[in-house]
Amino acid sequence: EAQDARNHTLLTEFVLSGFSSSSELQHLLFFTICLAYSMTLIGNLLICMVTVHPTLHTPMYFFLRVLSFLDISTASVVVPKMLVNLLSSDRSISYLGCVIQLYCVVFLAATEWYLLAAMAYDRYVAVCHPLRYSTTMSSRACLSLVLLSCCSGKVVSVVQTAWVFTLPLCGPRRINYFFCDIPPLILLSCTDTVPYERQLISATVLVIFTPFCLVVLSYACIISSILKISSAESRHKTFSTCSSHLTIVTMYCASGTLIYLQPKSSNLQDAKKILALIYTTVIPTLNPLIYSLRNKEVKEVLIRVM
């Protein structure tokens, strides 16, 4: 116990192992991820710029602008450090840096999940109760939903980060991951983590499945209303607007569930790294493409701005 305590006090930094020790693969990953990160920044910044246009002052575009900001933040918390590690032999990260990175990742992920549920509610009101839409989804209501999402994300992040770093992390200090996340940090603990794993699964259900169930319920009502529309063109337009959001929700749910439902499974670490890369790099790149390329109003304003 004294040795464990001494190891815990001496653990002042971690080493992120990343993806591979092959220099050729690392260079390929560097250019690929660098390109994806550039596309994430450019695409989401364009969305932020375009959606402030006077013709796009609606709740849907307000939520889309916040979602783009969260995507930029998520990628920026993870990707720059990962790119440096791909070209450097020193892959260390300080204890405090790891705490901050984990806090930011969990906060942004949880906030984004609650925001996606708010966006589904917005689509539900727009399709199922169009006459009450302007009063129900007022500017004050939209801002309240965003603040509620941020507050919920902050609570989840504080609790999860505090619980992870109160565990006795006895080493080794090498994290088999490319950023500080909950599952690889649990593997460094020298104590029984079963109670914490159960708590993490409960938190996953609360953060992922509760918003997902609200999204599914909203879209069940939306599809029911769409089927009642007599015009085939109107049905297609309405469904096309909603399908973009549903695509993003499905991608987030699939990757997040597979990462966090088996937190201490060392056999799945490589698969989890790929899923985490999709979650932090690929999906933020796809968000602007999915939302803008299938939206005529956004494309028209984008062309005008360019």
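A brief look at the structure comes next. (Residues numbered from 1 in each chain as written. Predicted model: local features only at pLDDT ≥ 70, side-chain atom pairs only at ≥ 80, totals over all residues. Heavy atoms only, no water.)

**Some words on the sheet that holds strand E2 (residues 92-94)**
Note on sheets: strands pair through backbone hydrogen bonds, and any given pair is parallel or antiparallel. Taking strand neighbours across the sheet as the criterion, the three strands line up as E2-E1-E3 in an open arrangement whose pairing is mixed. One side of each edge strand has no neighbouring strand; the edge strands of this open sheet are E2 and strand E3 (174-175). Two elements, strand E1 (residues 13-16) and E2, share three bridges in a ladder whose sense is antiparallel. When the sheet's bridge partners are listed, Glu-13 is paired in E2 with Ser-94. (Pairing = 2+ DSSP bridges. Helix = DSSP H or I, 4+ residues; strand = E, 2+ residues; numbered from the N terminus.)

**Topic: empty space enclosed by the protein**
Tallying each qualifying case throughout the model produces four cavities of 30 Å³ or more. There is about 260 Å³ of room inside the largest cavity. Taken together, 21 residues make up the lining of the largest cavity; nearest its centre are Val-106, Ala-109, Val-207, Ile-208 and Tyr-260. Residues of the lining of the largest cavity, tallied by class, amount to 16 nonpolar, four polar and one charged. Roughly 60 Å³ of internal volume is contained in the second largest cavity. Residue lining of the second largest cavity: Leu-16, Ser-17, Gly-18, Phe-19, Met-82, Asn-85, Leu-86, Arg-91 and Phe-178, and that is the complete set. A per-element tally of the lining of the second largest cavity places helix H3 (residues 59-87) first, with three residues. Classifying every residue of the lining of the second largest cavity gives five nonpolar, three polar and one charged. (1 Å grid on protein atoms, 1.4 Å probe; cavity = no way out; pocket = protein on both sides within 12 Å on 5 of 7 lines; lining within 4 Å. Points joined across faces, edges and corners; volume = space filled by probe spheres on them. Nonpolar A, V, L, I, M, F, W, Y, C, P; charged D, E, K, R; others polar.)

**Concerning the environment of Val-249**
Relative to the elements of secondary structure, Val-249 occurs in helix H9 (residues 232-260). Note on Val-249: relative accessible area 0%, which makes it buried. Sequence separation of Val-249 and Pro-211 is 38 residues, and the distance between their C-alpha atoms is 9.6 Å. Excluding residues that lie within four positions of it along the chain, Val-249 makes contacts with Trp-113, Leu-116, Phe-212 and Val-215. (Buried < 20%, exposed > 50% of the residue type's maximum accessible area, 1.4 Å probe, protein only. Contact = heavy atoms within 4.5 Å.)

**Some thoughts on the packing of helix H2 (residues 23-50) against H3**
Running from N to C, H2 and H3 point in directions that differ by 160°, and their axes come no closer than 9 Å. Between H2 and H3, the interaxial angle falls into the category roughly antiparallel. As H2 runs across H3, the sense of the crossing is left-handed. (Axes fitted to C-alpha atoms, helices over the stretch in contact; angles between N-to-C directions. Parallel < 35°, antiparallel > 145°, perpendicular 65-115°, else oblique. Left-handed = near helix turned anticlockwise from the far one by under 90°.)

**Section: a nonpolar patch on the surface**
Taken together, Leu-35, Met-39 and Leu-289 make up a surface patch of nonpolar side chains, about 270 Å² in accessible area. Its place among the elements puts Met-39 in helix H2. (Patch = residues over 30% accessible without salt bridge, like charges linked within 9 Å, V, L, I, M, F, W, Y side chains within 5 Å. Areas by Shrake-Rupley, 256 points an atom, 1.4 Å probe, with all protein chains shown as cover. Salt bridge = Lys/Arg side-chain N within 4 Å of Asp/Glu carboxyl O.)

**Description of the side chain of Arg-91**
On the secondary structure map, Arg-91 appears in the loop between H3 and E2. In this structure Arg-91 is buried but unpaired, with Asp-90 as the nearest side chain of opposite charge at 8.4 Å. A distance of 3.3 Å separates a polar side-chain atom of Arg-91 from the backbone oxygen of Asn-85. (Lys, Arg positive; Asp, Glu negative; His and termini not counted. Polar contact = N/O pair within 3.5 Å; in protein donor to acceptor, adjacent residues only side chain to side chain.)

**Quick look at the environment of Ser-76**
As for its placement among the helices and strands, Ser-76 is situated in helix H3. Judged by its relative accessible area of 29%, Ser-76 falls in the partly exposed class. For the pair Ser-76 and Thr-40, spaced 36 residues apart in sequence, the C-alpha to C-alpha distance is 9.6 Å. In this view, Ser-76 contacts Tyr-37 and Leu-41; residues no more than four positions away in its chain are not counted. Separated by 2.7 Å, the side chain of Ser-76 and the backbone oxygen of Ile-72 make a polar contact.

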